[in-house]
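So you can see what is in the structure, the chains are spelled out below.
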Amino acid sequence: MPADSMTATPENPMVGGAAMDAKSNIVTNASAAPNLTTLVAAVKAAGLVETLQGAGPFTVFAPTNDAFAKLPAGAVEGLLKPEMKDALAGVLTYHVVAGNVDAAALMAQIKAGGGKATLTTVQGATLTATTGDMGGITLTDAKGGTAHVTTADVRQSNGIVHVIDSVLMPK
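All figures in this text were calculated on a predicted structure; none of them were measured in a lab.

Caption draft 1: Examining helix α6 (residues 85–93) more closely. Listing the buried residues of α6 in full gives Leu88, Ala89, Gly90, Val91, Leu92 and Thr93. Tucked inside the fold, the buried residues of α6 contact α2 (37–45), α5 (75–79) and β2 (96–98).

Caption draft 2: The arrangement of the pairing of strand β6 (residues 146–156) in detail. Pairing analysis gives three bridges linking strand β5 (residues 137–140) to β6, with the strands arranged antiparallel. Looking across to β6, one finds that Thr138 is bridged to His148. From the end of β5 to the start of β6, which pair antiparallel, there are five residues, and Gly144 there has a positive phi angle of about 90°. Note that β6 and strand β7 (residues 159–164) share five bridges and pair antiparallel. Each residue of the ladder has a partner; that of Gln156, found in β7, is Gly159.

Caption draft 3: The arrangement of the sheet that holds strand β4 (residues 126–131) in detail. Taking strand neighbours across the sheet as the criterion, the seven strands line up as β2-β1-β7-β6-β5-β4-β3 in an open arrangement whose pairing is mixed. The open sheet is flanked by β2 and β3 (116–120), the only strands paired with a single partner. Averaged over all pairs of adjacent strands, the angle between strand axes in this sheet comes to 30°, irrespective of strand direction.

Basis of the calculations
- Residues numbered from 1 in each chain as written.
- Predicted model: local features only at pLDDT ≥ 70, side-chain atom pairs only at ≥ 80, totals over all residues.
- Heavy atoms only, no water.
- Buried < 20%, exposed > 50% of the residue type's maximum accessible area, 1.4 Å probe, protein only.
- Helix = DSSP H or I, 4+ residues; strand = E, 2+ residues; numbered from the N terminus.
- Contact = heavy atoms within 4.5 Å.
- Pairing = 2+ DSSP bridges.
- Axes fitted to C-alpha atoms, helices over the stretch in contact; angles between N-to-C directions.

Laid out in structure tokens, this is it:
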């Protein structure tokens, strides 16, 4: 997305066919998106609702239901068990970066980094952002897995969400 497209107040993109209200917080908007129900269930199971309703700002890379469905059979169900709360919180906070990093800022970081940018997640580990084959943003996790940003710059009252097509995994 060119930097000059950020000068005007852009209309918030829809997520899963649902309107996203820039005046609502991350959890409220995610709860309205039919393609983010697994993520919302995971956020609730990990006890992160209050955090993601907080002041932020947060940049969230939000995996869709289809992204969670790509995980090995039983993985999501296993992570949602109460005894896996800490592991689930680790996976989810690996999708969150402190601050308000929109696509233009991320593309600028990638350009300044000679084709890649390193993002430190709230979980404490890093993600690598690069430009994908089609000019979009690709994220690479600690295990070498990749996720592509499918919907960028979904503005929230407490940050920004970028919808992604795969779940990112820390080491």
